[in-house]
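As a plain string of letters, each chain reads:
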Amino acid sequence: MPVDIKKIPLPCYVLEEDLLRKNLTLIKQVSEIAGVEIILAFKGFAMWGAFPIVREYINGATASSLNEARLCFEEMKTKSHTYCVAISDDEIDELLKYSSHITFNSLNQFNKYKEKAKTAGVSCGIRVNPQYSEVTTELYNPCSPNSRLGMCIEHFKETLPETLEGLHFHALCENDSYTLEKTLQAFEKKFAHLIKQAKWINMGGGHLMTKQGYDTNHLIQVLKAFKQRYPKIHVILEPGSAFVWQTGSLYSTVLDVVENNGVKTVIVDVSFTAHMPDCLEMPYRPRITGAIDPVEGKPTYRIGGTSCLSGDFMFEYSFEHELKEGDTLVFEDMIHYTMVKTSTFNGVKHPSMGIWTKENTFKLLKKFGYTDYKNRLS
Ligand SMILES: Cc1ncc(COP(=O)(O)O)c(C=O)c1O
């Protein structure tokens, strides 16, 4: 059943349980058939009120900071596969407490903390850079020339350092299995001798297996073939987006319609920069329910965010009807990398967060108020 807007406090991010379960079912199937471990990357989705549902299907997560590792321990009820770009002395002990695996970004950091990790019984890995990526948006390309992410092959000798058990690469972003296949070719060309010595390989995220048209059978084939080439290895995938791809929207209300120089802008009670930052960062144009790219003759509006940032708007969309104060605008697919990235910039009202349950009820998880804004500052 579709979400009943009358039952939701607007503005609000609404995760739809049925859609989440659909994605989780597919991910679990891939994991079982391919014989690999698939864990959730918190950086893409960390709405922990939904973790009890996630835990019915998978039982691991990857953390990229101490806060995420702790959240994993507390709310996923398991230790995390942790990868941090850099770890500080005042974080390492606590980080190890919450981690089953720890991937370092450099051999320098591995050497610094390997003894502590050994004592804590945490399996160590190193992020490597396969220097191959099909990610075209530079902001999201971990393998751009001179990238700081992962070590290139020239830093390694013929054997893996003692106690280094895993290799990790992350070179995909919203890619398909054919890109993974080519990335693996590049990875193996450089690192095959080290892969043979490793206990586990983490193939990072960016595997968008829940997107319509993604060839999951091919993904399974690629993973099985890899495992045949390296029979002793444990394979881990850590997608974020794929878990919550197209599982919910951001519901907003039109507060005003302004017109300058013949351009009409509807002002909504959400902000692109504060609540949908990737729209400006990436940038990309979000889908809005019932709206299309501008068509002459149809009611057409820019969509303006509620912050004072001049660029906090999206260029024109056309609608079937004139828009007016009080109308609802629904920004689609706003669950991955949205809630985790929001800010309280400008003090604008932060959307609530909730779940549209499979019983067709609304479960409010969080409503934001003045103290949330105030407590971020001092
Ligand atoms: C190391 C690492 N793992 C996993 C992910 C999750 O990627 P995605 O959400 O595209 O699947 C990211 C995303 O940036 C990442 O940097």
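What counts as what
Residues numbered from 1 in each chain as written. Predicted model: local features only at pLDDT ≥ 70, side-chain atom pairs only at ≥ 80, totals over all residues. Heavy atoms only, no water. Axes fitted to C-alpha atoms, helices over the stretch in contact; angles between N-to-C directions. Helix = DSSP H or I, 4+ residues; strand = E, 2+ residues; numbered from the N terminus. Parallel < 35°, antiparallel > 145°, perpendicular 65-115°, else oblique. Contact = heavy atoms within 4.5 Å. Expected span 1.5 Å × (residues − 1). Buried < 20%, exposed > 50% of the residue type's maximum accessible area, 1.4 Å probe, protein only. Left-handed = near helix turned anticlockwise from the far one by under 90°. Nonpolar A, V, L, I, M, F, W, Y, C, P; charged D, E, K, R; others polar. Pairing = 2+ DSSP bridges. Domains from an automatic or database assignment. Buried area = accessible area lost by both parts, 1.4 Å probe. Salt bridge = Lys/Arg side-chain N within 4 Å of Asp/Glu carboxyl O. Near = heavy atom within 4 Å. Polar contact = N/O pair within 3.5 Å; in protein donor to acceptor, adjacent residues only side chain to side chain. Areas by Shrake-Rupley, 256 points an atom, 1.4 Å probe, with all protein chains shown as cover. Arc of directions from axis to C-beta.

**Student:** Lay out the packing of helix α6 (residues 177-195) against helix α7 (residues 216-229) in plain terms, naming residues and giving numbers.
**Tutor:** Two numbers describe a pair of packed helices, the interaxial angle and the distance between the axes. In the contact formed by α6 and α7, the axes pass within 10 Å of each other and the chain directions differ by 10 degrees. With respect to each other, α6 and α7 are oriented roughly parallel. Contacts between α6 and α7 pair Ser177, Tyr178, Leu180, Glu181, Leu184, Phe187, Glu188 and Ile195 from the former with His218, Leu219, Val222, Leu223, Phe226 and Arg229 from the latter.

**Student:** Can you tell me about α7, naming the residues and giving the values?
**Tutor:** The terminal C-alpha atoms of α7 lie 20 Å apart, and with 14 residues this matches the ideal 20 Å at 1.5 Å per residue to within 8%. What α7 keeps buried is the set Thr216, His218, Leu219, Ile220, Val222, Leu223 and Phe226. Close packing links the buried residues of α7 with α1 (17-34), α6, β9 (200-202) and β10 (234-237).

**Student:** Quick rundown of the packing of helix α3 (residues 66-76) against helix α4 (residues 89-97)? Include the residues and the values.
**Tutor:** Where α3 contacts α4, the axes come no closer than 9 Å and their chain directions differ by 25 degrees. In this view, α3 runs roughly parallel relative to α4, as classed from their interaxial angle. The interaxial crossing formed by α3 with α4 has left-handed handedness. Facing α3, whose interface residues are Leu66, Ala69, Arg70 and Phe73, α4 presents Glu91, Glu94, Leu95 and Lys97. Of the residues contributing to the contact of α3 with α4, the split by class is 4 nonpolar, no polar and 4 charged.

**Student:** An account of the pairing of strand β13 (residues 300-304) is requested, with residue identities and associated values reported.
**Tutor:** In terms of strand pairing, strand β12 (residues 263-268) meets β13 through 3 bridges, oriented parallel. Across the sheet, residue Val266 finds its bridge partner in β13, namely Ile303. Bridge count between β13 and strand β14 (residues 313-318): 4 bridges; the pairing is antiparallel. The residue of β14 that forms the bridge with Tyr301 is Tyr317.

**Student:** So what about the domain arrangement of the chain? Which residues, and what values?
**Tutor:** Think of interface size as the accessible area that goes away when the parts come together; that is how it is often given. Here the chain is partitioned into domain 1 (5-12 + 248-334 + 342-375) and domain 2 (35-244). Its C-alpha centre places domain 1 at a distance of 34 Å from the equivalent point of domain 2. Contacts between the two partners involve 8 residues from domain 1, matched on the other side by 8 residues from domain 2. A buried area of about 610 Å², summed over both sides, lies between domain 1 and domain 2, and 66% of it is on carbon and sulfur atoms. The largest contributions to the domain 1 side of the interface with domain 2 come from Met282, Ile355 and Leu365, which together make up 62% of the buried area. Taken together, the links from domain 1 to domain 2 amount to 0 salt bridges.

**Student:** Go over the sheet that holds β9, please, and point to the residues and values.
**Tutor:** Pairing is parallel in the open sheet, where 9 strands are placed in the order β2-β10-β9-β8-β7-β6-β5-β4-β3. The open sheet has two free edges, formed respectively by β2 (37-38) and β3 (40-41), since each of these has just one partner strand. Strand direction decides the pairing type here: strand β7 (residues 123-127) and strand β8 (residues 164-168), joined by 4 bridges, are parallel. In the strand pairing of β8, Gly125 is matched with Gly166. Where α3 meets the sheet, its contacts fall on β4 (61-63) and β5 (80-83), and the angle it forms with β4 comes to roughly 150 degrees.

**Student:** Lay out the site of the ligand in plain terms, naming residues and giving numbers.
**Tutor:** Lining the immediate environment of the ligand, one finds 13 residues, of which Gly206, Glu238, Gly240, Ser241 and Tyr337 sit closest. One of the side-chain nitrogen or oxygen atoms of His170 is found 3.4 Å away from an oxygen atom of the ligand. Protein contact buries 88% of the 400 Å² of open area that the ligand shows by itself. For the shell around the ligand, the residue count by class is 4 nonpolar, 6 polar and 3 charged.

**Student:** Run through α4, naming residues and quoting values.
**Tutor:** Note that an α-helix has 3.6 residues per turn; residues three or four places apart therefore point the same way. Of the residues making up α4, those classed as buried are Ile92, Leu95 and Leu96. For α4, the angular spread of the buried residues around the axis is 90 degrees, confining them to a single face. Looking at α4, the residues exposed on the side facing more than 90 degrees away from the buried face are Asp90 and Lys97.

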